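Examining the three-dimensional arrangement
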Protein chains: 2
Amino acid sequence: MVNSRKILADHKVSITNPRIIVLEALLEIKSPITVDELLSQLRNKVAKSTLYRVLNDLKDINILHEFSTPANQTVVELILEDHPHHHHLFCSDCGEIIDVEMATEFENKLLKEIKRIERKFNFVIEDHRLELFGKCTDLCVNCK
Amino acid sequence: MVNSRKILADHKVSITNPRIIVLEALLEIKSPITVDELLSQLRNKVAKSTLYRVLNDLKDINILHEFSTPANQTVVELILEDHPHHHHLFCSDCGEIIDVEMATEFENKLLKEIKRIERKFNFVIEDHRLELFGKCTDLCVNCK
DNA sequence: ATAAAAATGAGACTTAATCTCATTTATTGT
DNA sequence: ACAATAAATGAGATTAAGTCTCATTTTTAT
């Protein structure tokens, strides 16, 4: 069982109520969520300014990823050991965001290609993100 | 020589001054630009509301891509025949955005992997985007 | 237990993007 | 080419995501 206090302690940030509340919410959700939704879920538990501050704190200690949907909604997602590097699939019909893991063989090919690009552009690439856009046919909760 | 009027006509949108002005600006730039920069470049040529409207029009006819930088700046880029599908490299030091083409062999592998994911998730994937994050060492104009 | 440092809440503030509506410009049919 | 109709524009008001301020509260270190 993952412990929010332990996560905070491990990353050497002070353990406060709002941080615990936000972390537990994200741990329970375990999938991408828009900041808006998170805000309304936690409306009467943490102040808006605090929520944004805590999200920034979690980004700073590298356990939170943030990205935008094609509809320009900001989405956050916890990245812990049990939920490592992956990519996203966006449904343009219902807005659903699905976590996708690439085949290991492909991910290796990608890393090789990235090395080529590092050399070519004299760049140090620290992270990459692959986004897939389309329409789900029967998987999404919202699409029918 | 690419002609902005022809582009508009080809896509069956009416030919207006603001659209020509915005298109010519984007054609000349030929690389990703933040909406902010574009706005200040065209400040006294098109109204702000019109610029946003024209950008949306260009997105609607699928010749403009829009994405966000890690610093949450909105960036647009013209996608025409002479500047086809490609990816982006973001420098976290200077903010520079660099167009990157993947090796054909790799892009094929990616398409194959995408097909696998389509089957697995029962999804129709229409577009994909790969973003690389890192630091440039000597290429960027701004970095030294 | 206490002092110093850090985080929080509430709401003001900023700013990118959208909206409104009166006016201007483009298109279509004759 | 011209009038009638439809579409697009400009200017500024409006909205809303995200940040900032600062007095108060909570956490941490001693």
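Residues numbered from 1 in each chain as written. Chains lettered and ligands numbered in written order. Predicted model: local features only at pLDDT ≥ 70, side-chain atom pairs only at ≥ 80, totals over all residues. Heavy atoms only, no water.

**Some details on the relation of the copies chain B and chain A**
Both copies of the chain are related through a single rotation about an axis accompanied by a shift along the same axis. Of the transformation placing chain B onto chain A, the axial shift is 0.0 Å and the rotation is 180°, giving an RMSD of 0.1 Å. Interpreted geometrically, this transformation is the action of a two-fold axis. Across chain B, the rotation axis passes nearest the C-alpha of B:Leu130, at a separation of 2.2 Å. The fraction of interface residues of chain B whose copies in chain A are also interface residues reaches 100%, indicating that both copies meet through the same surface. (Least-squares fit on C-alpha atoms with pLDDT ≥ 70 in both. Contact = heavy atoms within 4.5 Å.)

**A word on unusual backbone geometry**
Residues and elements named next belong to chain A. Of note, the phi angle at Lys12 is positive, near 60°, even though the residue is not glycine. For Lys12, the position within the fold is in the loop between helix 1 (4–10) and helix 2 (17–29). Among the residues examined, Lys12 registers a relative accessible area of 77% and is labelled exposed. In the Ramachandran plot, Asn62 falls in the positive-phi region, its phi being about 65° despite a non-glycine side chain. Looking at the secondary structure, you find Asn62 in the loop between helix 4 (48–60) and strand 2 (64–68). (Helix = DSSP H or I, 4+ residues; strand = E, 2+ residues; numbered from the N terminus. Buried < 20%, exposed > 50% of the residue type's maximum accessible area, 1.4 Å probe, protein only.)

**Thoughts on the sheet that holds strand 2 (residues 64–68) of chain B**
All names here are of chain B. Sheet architecture is open: three strands sit in the order 1-3-2, paired in antiparallel fashion. Strands at the two margins of the open sheet, each flanked by one partner only, are strand 1 (33–34) and strand 2. Note that strand 1 and strand 3 (residues 74–78) share two bridges and pair antiparallel. For Ile33, the partnering residue across the bridge sits in strand 3 and is Val76. Across the sheet, helix 2 (residues 17–29) touches strand 1, strand 2 and strand 3, and the angle it forms with strand 3 is around 85°. (Pairing = 2+ DSSP bridges. Axes fitted to C-alpha atoms, helices over the stretch in contact; angles between N-to-C directions.)

**A short note on the protein's contact with DNA strand D**
Residues in close proximity to DNA strand D total 19 residues, the closest being A:Lys48, A:Thr74, B:Thr16, B:Thr50 and B:Arg53. Expressed as a percentage, the sugar and phosphate content of the atoms of DNA strand D within 4 Å of the protein is 60%. With respect to DNA strand D, the side chain of A:Thr74 contributes an N or O atom lying 2.6 Å from a phosphate oxygen. Contact between DNA strand D and B:Thr16: a phosphate oxygen at 2.8 Å from a side-chain N or O atom of the residue. Put simply, the parts of the chain that give the surface near DNA strand D at least two residues each are helix 3 (35–41) and helix 4 of chain A together with helix 2 and helix 4 (48–60) of chain B. It is helix 4 of chain A that contributes the most residues to the surface near DNA strand D, five residues altogether. Residue composition of the surface near DNA strand D, by class: five nonpolar, nine polar and five charged. (Near = heavy atom within 4 Å. Polar contact = N/O pair within 3.5 Å; in protein donor to acceptor, adjacent residues only side chain to side chain. Nonpolar A, V, L, I, M, F, W, Y, C, P; charged D, E, K, R; others polar.)

**Description of the domain arrangement of chain A**
Residues and elements named next belong to chain A. Domain annotation for chain A reports domain 1 (1–83) and domain 2 (85–144). The C-alpha-based centres of domain 1 and domain 2 are spaced at 22 Å. With eleven residues of domain 1 in contact, the opposing surface of domain 2 contributes ten residues. Buried area between domain 1 and domain 2, summed over both chains or domains, comes out near 780 Å², and the portion from carbon and sulfur atoms is 60%. Linking domain 1 with domain 2 are zero salt bridges. For the interface between domain 1 and domain 2, the tally reads four residue pairs in polar contact (both at pLDDT 80 or more). Of all the elements in the fold, those that place two or more residues in the side of domain 1 that touches domain 2 are strand 2 and strand 3 (74–78). Residue classes in the side of domain 1 that touches domain 2 are distributed as five nonpolar, four polar and two charged. (Domains from an automatic or database assignment. Buried area = accessible area lost by both parts, 1.4 Å probe. Salt bridge = Lys/Arg side-chain N within 4 Å of Asp/Glu carboxyl O.)

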